[in-house]
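Notes for the structure review
Okay, here's what each chain looks like letter by letter:
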Amino acid sequence: MEKVKSEGRKVDSVKLVEEYLKNETYKDALLIQSEILRFSREFLLSKGFIEFLPVIISTITDPLNHDVFDAQIDYYGYKYYVTKSMILQKQVGVLVHDKIFSVSPNLRLEREEKYQSGRHLIDFVQLDLEVKNAKREDIMDLMEDLIIYVIKNILDKYSDIILKYHPTLKIPSKPFEKITVKEAKLLYGNDYEVALSKHSEGPVWLIDMLILEREFYDKQNAKDPETLLDFDLIYPEGFGEGISGGERENEYEQIVKRIELKGNGLESYEDYLNIAKEGFLEPSAGCGIGIERFTRYILGLDHVEKSRLFAKAPGKFSI
Ligand code: AMP
Ligand code: MG
């Protein structure tokens, strides 16, 4: 493996293991994270969801809306992408079972500046779900219930741990507040997401993203074509975005139009477009909730790298 030349980038592996053993935060975070996963699964399975196994490499993956370094594998002359998200696989998954989820590892080789956000890793896990024929409101409602269920159970069982790390954590009440991107921009200017997270009392939905600011697969709003039928959940107290989701484009012509509008290049989506062209894709909606960020929020941790073992933070090189 090539050595990283920049000073201070390589994490000392021995010191890291010593830190895992002496800093109780890791021990507590792992326990809470394991319980977040258990309660999330319990909740979704009780609602009739089926868990399907994550896909780590594929000929198609999420283009993302921001620039990351490419991660590709050559295999017998064919190219695999390392999964950035399973969005396109979820659209096929819902054809097999109507309600699906996966605990999906994603690799996004983020630029080092992202370290400062406190919520970016390059290797993270999202609980990614999709529901056939659902509207975005159904998914937002479902996720409100999931978050309430998880936080309530964690507070019931581990109040001592939560008191130690995040004594102000409350069970949010339904419905969570909603604000459109246009309203948020008027209220807070271009840095609206940070301001929203800082000023809101509880988790808040940011909805109606602008068409060029999101990926091609989020559905265009026919009544307001400049915006999409999608959403983010913004955690309060400055913890920032925790969920992204929305309704999906499923019609071939519209998907082509949207890929072209984003300038993504149709050739990278050949396999996906072939499936869409055959008319297989059905309307669906879904979202992904980042597990490390959910852990960070529940425990009030300063950086998401403390929310798991073997975290890979942007710009750092570690075991
Ligand atoms: P996205 O659809 O790209 O917003 O990803 C879904 C969710 O995964 C986000 O709302 C976050 O909770 C989580 N997530 C996305 N990117 C990262 C990252 N670089 N590090 C940690 N979590 C992330
Ligand atoms: Mg997002």
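Please read these numbers as outputs of a predicted model, since none were measured by experiment. (Residues numbered from 1 in each chain as written. Chains lettered and ligands numbered in written order. Predicted model: local features only at pLDDT ≥ 70, side-chain atom pairs only at ≥ 80, totals over all residues. Heavy atoms only, no water.)

**Remarks on the packing of aromatic side chains**
The line we're drawing: Each aromatic pair joins two rings of Phe, Tyr and Trp (for Trp, the six-membered one) with centres within 6.5 Å, and gets the label stacked for planes under 30 degrees apart, edge-to-face for over 60, and tilted for any other angle. By the criteria applied, helices consist of DSSP H or I runs no shorter than four residues and strands consist of E runs no shorter than two, each listed in order from the N terminus. Think of it in three bands: with a 1.4 Å probe and only protein chains considered, a residue is buried below 20% of the maximum accessible area for its type, exposed above 50%, and partly exposed in between. The criterion is that NZ of a Lys, or CZ of an Arg, lies within 6 Å of the ring centre and within 35 degrees of the ring normal, and then a charge sits over that ring.
Taken as a whole and judged by the stated rule, the model has 14 aromatic pairs. Pairing F176 with W205 gives two aromatic rings, centres 6.2 Å apart and planes at 25 degrees, and the pair type is stacked. Linking F176 in the loop between α4 (136-165) and β7 (177-180) with W205 in strand β8 (residues 204-207), this pair joins segments that are 29 residues apart in sequence. The same class applies to F176 as to W205, namely buried. A ring pair is formed by F216 and Y217, whose centres lie 5.6 Å apart and whose planes are at 75 degrees; its orientation type is edge-to-face. The pair formed by F216 and Y217 is uniform in burial state, with each residue classed as buried. Taken together, the aromatic side chains of F216, Y217, Y269 and Y272 make up a single cluster linked through ring pairs. The lysine or arginine in question, R38, covers the ring of F39, its NZ or CZ lying 5.5 Å from the ring centre. When the ring centre of F69 is taken as origin, the NZ or CZ atom of R111, which lies over that ring, is 4.0 Å away.

**Considerations on the coordination of the magnesium ion (ligand 2)**
Operational definition: Distances define the donors: N, O and S atoms within 2.8 Å of the metal qualify, as do those within 3.2 Å of Na, K or Ca. Water is excluded, so some sites may look unfinished.
Bound to the magnesium ion (ligand 2) on the protein side are E241 (OE) and S244 (OG), at distances that span 2.1 to 2.6 Å. The class for E241 is buried, based on a relative accessible area of 19%. Given the relative accessible area of 25%, S244 is considered partly exposed.

**So, the pairing of strand β11 (residues 284-290)**
Just so we agree on the cut-off: Here the rule is simple: two strands pair whenever DSSP picks up at least two bridges between them.
Burial runs high along β11: 7 of the 7 residues are buried. Side-chain alternation along β11 places S284, G286, G288 and G290 on one buried face and A285, C287 and I289 on a second face that is also buried. Pairing analysis gives 7 bridges linking strand β6 (residues 123-132) to β11, with the strands arranged antiparallel. Paired with L129 across the strands is C287, a residue of β11. Sheet topology note: the strand β10 (residues 240-247)/β11 ladder contains 5 bridges and is antiparallel. When the sheet's bridge partners are listed, G245 is paired in β11 with C287.

**With respect to the confidence of the model for the chain**
Atomic detail in the predicted coordinates should be set aside for any region of low pLDDT. So the rule is basically this: As a per-residue measure, pLDDT reflects the predictor's confidence and takes values from 0 up to 100. What makes two residues a contact is simply this: any of their non-hydrogen atoms within 4.5 Å.
Mean pLDDT over the chain stands at 96; residues scoring 70 or higher make up 98%. Counting contacts from residues 1-5, a segment whose pLDDT is below 50, to residues more than four positions away or on other chains yields 4 contacts.

**Brief notes about the site of ligand 1**
Under the convention used in this document: For each residue, the test is whether any non-hydrogen atom lies within 4 Å of the molecule or strand; if one does, the residue is near. By the criterion applied in these results, polar contacts are pairs of N or O atoms within 3.5 Å in which, for protein atoms, one can donate a hydrogen and the other can accept it, and in which residues neighboring in sequence qualify only through two side-chain atoms. Computed with a 1.4 Å probe, the accessible areas rest on the Shrake-Rupley method; for each residue, only the protein chains presented here act as cover. Within this scheme a cavity is a closed region of a 1 Å grid, computed over the protein atoms alone, that accommodates a 1.4 Å probe without allowing it to escape, whereas a pocket is open but has protein on both sides within 12 Å along at least five of seven lines; lining residues each have an atom within 4 Å of a point. Whether a molecule lies in a cavity or pocket depends on its atoms, and more than half of them have to be within 2 Å of the grid points.
As a matter of local geometry, ligand 1 sits amid 14 residues, with R108, L121, E241, G242 and S244 nearest to it. Between S244 and ligand 1, the recorded distance is 2.9 Å, taken from a side-chain N or O atom to an oxygen atom. Considering ligand 1 on its own, with 480 Å² of exposed area, one finds that the protein chains cover 91% of that surface. Here ligand 1 is seated within the largest pocket. Among the elements that line the shell around ligand 1, the one with the most residues is β10, at 4 residues.

**As for unusual backbone geometry**
Geometrically, the link from K174 to P175 is a cis peptide bond, its omega value of -15 degrees lying close to zero. In this structure, P175 sits in the loop between α4 and β7.

**Digging into a nonpolar patch on the surface**
The test is simple: Like charges are joined within 9 Å and nonpolar side chains (Val, Leu, Ile, Met, Phe, Trp, Tyr) within 5 Å, but only among residues with over 30% relative accessible area and no salt bridge; these make up the patches. By salt bridge we mean one thing: a side-chain nitrogen of Lys or Arg within 4 Å of a carboxyl oxygen of Asp or Glu.
Taken together, the side chains of I56, I57, I73, Y75, Y76 and Y78 present a nonpolar region at the surface, about 710 Å² in accessible area. Mapped onto the fold, I56 is located in the loop between β1 (50-51) and β2 (57-58).

**What to know about the nonpolar core**
The line we're drawing: Nonpolar core, defined: a set of buried Ala, Val, Leu, Ile, Met, Phe, Trp, Tyr and Cys residues in which side-chain atoms within 4.5 Å join the residues together.
Counting residues in hydrophobic clusters, the biggest one holds 46 residues, and the most contacted among them are L129, M143 and I298. Secondary-structure elements contributing two or more residues to this core are α2 (24-46), β5 (99-107), β6, α4, β8, β9 (230-235), β11 and α9 (291-299). Tallying contributions element by element places α4 first for this core, with 14 residues. Aside from chain neighbours lying at most four places away, what touches I298 is I32, I36, V150, I151, I154, I162, H166 and L169.

**Section: the sheet that holds β10**
Within a sheet, each strand pairs with its neighbour through backbone hydrogen bonds, oriented either parallel or antiparallel. Applicable threshold: Think of each axis as a best-fit line through the C-alpha atoms, taken over the contacting stretch in the case of a helix, with angles from 0 to 180 degrees between the N-to-C directions.
With mixed pairing, the 8 strands of this open sheet are ordered in space as β1-β5-β6-β11-β10-β9-β8-β7. Pairing within the sheet leaves two strands with one partner each, and these edge strands are β1 and β7. Pairing geometry for β1 and β5, over 2 bridges, is parallel. When the bridges of β5 are listed, I50 appears paired with I100. Where α2 meets the sheet, its contacts fall on β1, β5 and β6, and the angle it forms with β5 comes to roughly 150 degrees. Packing against the sheet, α4 makes contact with β6, β7, β8, β9, β10 and β11, and its axis sits at approximately 30 degrees to β11.

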